[in-house]
Amino acid sequence: MGKLTHTDVGAELTKTEWEAEATHKIGGVADLNIVRTATYVVAAYNAPAHVKAQADYVCDGTADGTEINAAISALSTTGGRVVLTEGLFTLSGNGYLNINKSNVILHGQGAATIIKAENGYVGSDGSDRIMARIYGTVGTPISNVRVEGIYFDGNRANVTEPVQIVRLNYAGKVYFDNVSFHAPPYMGMVLETGVYDVFVARSRFSGNKNTGNNGAYVYTATSTPQAWFSDVSFDTHDDQAFYIGGGTVIVNRAYFKNVNIAFDVRSGALGQLTNSLIDGGANFSIILQGDRSTVRSVKIINTTNTTINGIIQVLGNENILDDLTIVAADDVTARTLVDFVSGSRNTLTNSRLYGSKLSSNAANLVGFGYSSAVGNTVENNILSHSFAAFHFFAGTAGANYARNNTVSDFNYYLLDPTNSPVSSLPYFKDSGNPGHVTENSGTATITDNTTSIAVNHGLAYTPVAGDIVVTPSTSLGVASKFWVDTYTSTQFTIHVNIDPDASVGFVWLARKN
């Protein structure tokens, strides 16, 4: 191939100087092609001089979206790659970034590439306030777009308009990698109509603690977006990290720090949250209003919920809560850790709930909110350290079930809708819960010259007629019948009608019906 040499080694060459040299030609005939890693390079105003010298577009620090959009527009209809150098790019006035063709890569240098909204920024495209948009049209959607290595700064403290950082319409197979969505004045990412297959990885959402313009870090509309998030973090927000208004959103390995509502799945939407940590927050951590969502292998700690019913609220049907760990501080007065407000056939399984053991009926582990909460199951969990393990805020129209849970360290096992401790409720079917005995068995004997025997049942509740089955294990002697009555919190009594003139044995089984 020949040897490449130059007498000015270490000096910077212009394109003209390079082409004028002969020593880099192959056989002195053909120019050696210079391979670029980008179709176009856009340099920040404060990029190093040698970087700006090689760029196709150089920004001046004001309305820098003009140069970036010019580079995107200059790409062919088949797409291409636009590289942003390290440095600060400022968006001004109504200017915003506009990706409106397929197969486009917008590549920055990680946290060193900052796209920031100027003070007083508006960012209007005529209908929405945005910093960047990825838009196709109804008949011509776009696809295969990548945004990577960029730090967006919405400058929330100095922008009063409800600006969104990124908005997608009629776009699919869109990838965000190593992108920061910092201080959005309104929302961080909006997935609107006709959006599908959005992938967000190794990205961060931060700094949206704004009580005046609350908006989700990630918002999906009521159309049909599909999105996957992995290795993402959400830090400091007074409202939702995820507001899933429609479509399917799958989140894996997420970290939520001081976010009031981490995961809000609305009716008609589907969500999945796995292998994640929720640390802090002063509101609901998770809300499931839709059907068939899944929350699995999630840990919730350090919540400071003082007024809201439920760190997790379930209002839909057939939602799955599995392998959760919820630890509430002792001064937290959330009325429940998990509240089945309404809906049916929801399950809480294989989880660990450690509540706040206050002297108040406001601190409970599992609650059932309205009469429409029916057929929900709490099974194979560890339930510990609370004023009450279970609380019914209203009588339900059908049964809810608690099976094989280990319960301990609580003031009361069960509270009724009047906040009174009770041993049982007709719409609460519990069994096999170590620490709260609802099933027991034994033997008893009525001796000669007596007609009754009081039996200690060992149950954690007061049984009623039908809960205890007694069967003679020997002849009744001269007696002709027997019966059971006088049910108390500790005993029941077996009777025969006359002195049996012999000892009569019985076996008994107590089971909560």
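(A) Inspection of the side chain of Asn381 at higher detail. Its location among the elements puts Asn381 in the loop between β28 (377-379) and β29 (382-392). Its relative accessible area of 1% is what places Asn381 among the buried residues. Separated by 2.8 Å, the side chain of Asn381 and the backbone nitrogen of Ser351 make a polar contact. A distance of 3.0 Å separates the side chain of Asn381 from the backbone oxygen of Glu379, its partner in a polar contact. Every residue in contact with Asn381, bar those within four places of it in the chain, is listed here: Leu348, Thr349, Asn350, Ser351, Asn404, Asn405 and Thr406.

(B) Empty space enclosed by the protein, seen in detail. What the rule picks out here adds up to one cavity of 30 Å³ or more. Here the largest cavity is characterised by a volume of approximately 60 Å³. Counting only elements with at least two residues in the lining of the largest cavity, the list comes to β5 (97-99), β8 (130-135) and β9 (142-153). Sorting elements by how many residues they give to the lining of the largest cavity places β8 first, with three residues.

(C) Structural detail: the sheet that holds strand β35 (residues 468-472). What the three strands build is an open sheet, ordered β33-β38-β35; its pairing is antiparallel. Each end of this open sheet is capped by a strand with a single partner; those strands are β33 (439-446) and β35. Shown here is a sheet whose adjacent strand axes are inclined to one another by a mean of 20°, direction ignored. Inspection of the sheet shows β33 paired to strand β38 (residues 504-511) by eight bridges, in the antiparallel sense. Along β38, the bridge assignment pairs Ser441 with Leu509.

(D) Looking closely at the nonpolar core. Phe152, Phe176, Phe242 and Phe390 are the most contacted members of the largest nonpolar core, which totals 102 residues. Examining the composition of this core, we find that eight residues originate from one element, strand β17 (residues 248-265), more than from any other. Dropping the residues within four chain positions of it, Phe390 is found in contact with Val366, Phe368, Val378, Leu383, Ala402, Tyr413, Leu414, Leu415 and Phe428. Counting 16 residues, the second-largest nonpolar core is a separate cluster that includes Tyr461, Ile468, Val470 and Ala510.

(E) Local environment of the packing of aromatic side chains. As enumerated under the stated definition, the model contains 27 aromatic pairs in all. Look at Phe242 and Phe256: their rings are 6.4 Å apart centre to centre, the planes differ by 70°, and that puts the pair in the edge-to-face class. With Phe242 in strand β16 (residues 226-244) and Phe256 in strand β17, the pair connects residues that are 14 residues apart, well separated along the chain. Grouping residues by exposure puts Phe242 and Phe256 together as buried. Arranged with centres 5.7 Å apart and planes meeting at 20°, the rings of Phe340 and Phe368 form a pair that is stacked. Here Phe340 is found in strand β24 (residues 338-340), whereas its partner Phe368 is found in strand β27 (residues 364-368), with 28 residues between them in sequence. Judged by its relative accessible area of 0%, Phe340 falls in the buried class. Each member of the aromatic cluster is reached from another via a ring pair, and the members are Phe152, Phe176, Phe181, Phe205, Tyr217, Phe229, Phe234, Phe242, Phe256 and Phe263.

(F) Main features of the environment of Ile150. Within the element layout of this structure, Ile150 appears in strand β9. With 35 residues separating them along the chain, Ile150 and Ile115 place their C-alpha atoms 7.3 Å apart. Discounting chain neighbours no more than four positions away, the residues touching Ile150 are Leu84, Leu106, Gly108, Gly110, Thr113, Ile115, Asn178, Val179 and Ser180.

About the criteria used
- As a convention, each chain's residues are numbered from 1 in the sequence order in which they are written.
- Per-residue local features are limited, in this predicted model, to residues with pLDDT of at least 70; the limit for side-chain atom pairs, both in listing and counting, is 80 or more; totals at the level of whole chains, interfaces and linings are taken over all residues.
- Where side-chain values are given, they derive from all heavy atoms of the structure, hydrogens and water being excluded.
- Runs of E in the DSSP output that reach at least two residues are strands. Runs of H or I that reach at least four are helices, and both are numbered from the N terminus.
- Summary of the burial criterion: residues with accessible area below 20% of their type's maximum are buried, those above 50% are exposed, and those between are partly exposed, where the area comes from a 1.4 Å probe applied to protein chains only.
- Under this definition, polar contacts are N or O atom pairs within 3.5 Å; protein pairs additionally need one hydrogen-donor-capable and one acceptor-capable atom, and for neighbouring residues in sequence, both atoms have to be side-chain atoms.
- The criterion used for residue contact is that any of the two residues' heavy atoms lie within 4.5 Å.
- A cavity here means a set of 1 Å grid points, computed over protein atoms only, where a 1.4 Å probe fits but cannot escape. A pocket is an open set with protein on both sides within 12 Å along at least 5 of 7 lines, and lining residues have an atom within 4 Å of a point.
- Grid points are joined across faces, edges and corners, and a volume is the space filled by probe spheres set on the points.
- In this description, strands pair whenever DSSP reports at least two bridges between them.
- Note on geometry: axes are lines fitted to C-alpha atoms, helical ones only across the stretch in contact, with angles between N-to-C directions running from 0 to 180 degrees.
- Here the nonpolar core consists of buried residues drawn from Ala, Val, Leu, Ile, Met, Phe, Trp, Tyr and Cys, with membership extended through side-chain atoms lying within 4.5 Å.
- Two rings from Phe, Tyr or Trp (for Trp, the six-membered ring) form a pair when their centres sit within 6.5 Å of each other. Planes less than 30 degrees apart are called stacked, planes more than 60 degrees apart edge-to-face, and all others tilted.

Honestly, that's just the spatial picture; any functional story needs more than this.
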